[in-house]
Amino acid sequence: MFRLRLQLNGAEIKTLDLESGRSYVVGRAESCDLRLDDKPGISRQHFTLSDESGAWVLSRVSKKGEVLHQGDS
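We now turn to the structure provided with this report. (Residues numbered from 1 in each chain as written. Predicted model: local features only at pLDDT ≥ 70, side-chain atom pairs only at ≥ 80, totals over all residues. Heavy atoms only, no water.)

## Structural notes on the environment of D17
The topology assignment puts D17 in strand 2 (residues 11-18). Between the alpha carbons of D17 and R5 there is a distance of 8.9 Å; along the sequence they are twelve residues apart. Discounting chain neighbours no more than four positions away, the residues touching D17 are M1, F2, R3 and Y24. Here R3 takes part through its side chain, which lies 2.7 Å from a polar atom of the side chain of D17. (Helix = DSSP H or I, 4+ residues; strand = E, 2+ residues; numbered from the N terminus. Contact = heavy atoms within 4.5 Å. Polar contact = N/O pair within 3.5 Å; in protein donor to acceptor, adjacent residues only side chain to side chain.)

## Focus on the side chain of D51
Mapping D51 onto the fold places it in strand 5 (residues 47-52). Nearest to the buried, unbridged D51 among oppositely charged side chains is R22, at 9.7 Å. Within the local environment of D51, its side chain forms a polar contact with the backbone nitrogen of G54, the two atoms lying 3.0 Å apart. (Buried < 20%, exposed > 50% of the residue type's maximum accessible area, 1.4 Å probe, protein only. Lys, Arg positive; Asp, Glu negative; His and termini not counted. Salt bridge = Lys/Arg side-chain N within 4 Å of Asp/Glu carboxyl O.)

## Looking at the pairing of strand 3 (residues 23-27)
In this structure, strand 3 lies alongside strand 5, joined through four bridges in antiparallel fashion. Bridge pairing links V25 to T48 in strand 5. (Pairing = 2+ DSSP bridges.)

## Notes on the pattern of salt bridges
Evaluated as defined, the whole model comprises four salt bridges. Across the pair R3 and D17 runs a salt bridge whose closest N-O atoms are separated by 2.7 Å. Here D17 lies in strand 2 and R3 lies in strand 1 (residues 2-8), a separation of 14 residues in the sequence. The partly exposed category is assigned to D17, whose relative accessible area is 37%. Close ionic contact of R22 with D33 constitutes a salt bridge, the shortest N to O distance being 3.2 Å. Residue R22 is found in the loop between strand 2 and strand 3, and its partner D33 is found in the loop between strand 3 and strand 4 (34-35); the two are separated by eleven residues along the sequence.

## Regarding unusual backbone geometry
Positive phi values are uncommon outside glycine, yet N9 reaches one of about 55°. With respect to the helices and strands, the residue N9 is situated in the loop between strand 1 and strand 2. On the accessibility criterion, N9 (79% relative accessible area) is exposed. Positive phi outside glycine occurs at S53, with the angle close to 55°. Structurally, S53 is set in the loop between strand 5 and strand 6 (55-60). Given a relative accessible area of 84%, S53 falls into the exposed group.

Here it is as structure tokens:
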């Protein structure tokens with residue numbers, strides 16, 4: 001099993017257990033699989049995370065804000 005861990009200022013704020021073969025939408029909209037707080041820079045649909053042939057692929061949907069992986073964009 002895979003787990004997505006979201007951090008804010010170094011502290012873990014949310015986690016989501018990921019199932020192989022699925023796609024997830026992350027953002028502030030109620031319809032998102034993982035909801036983020038309504039803060040400046042967070043879009044209704046901020047990014048997607050998809051299992052593509054066994055590799056997790058993150059795609060930024062939002063034109064604003066950043067998505068960092070281990071401190072890198």
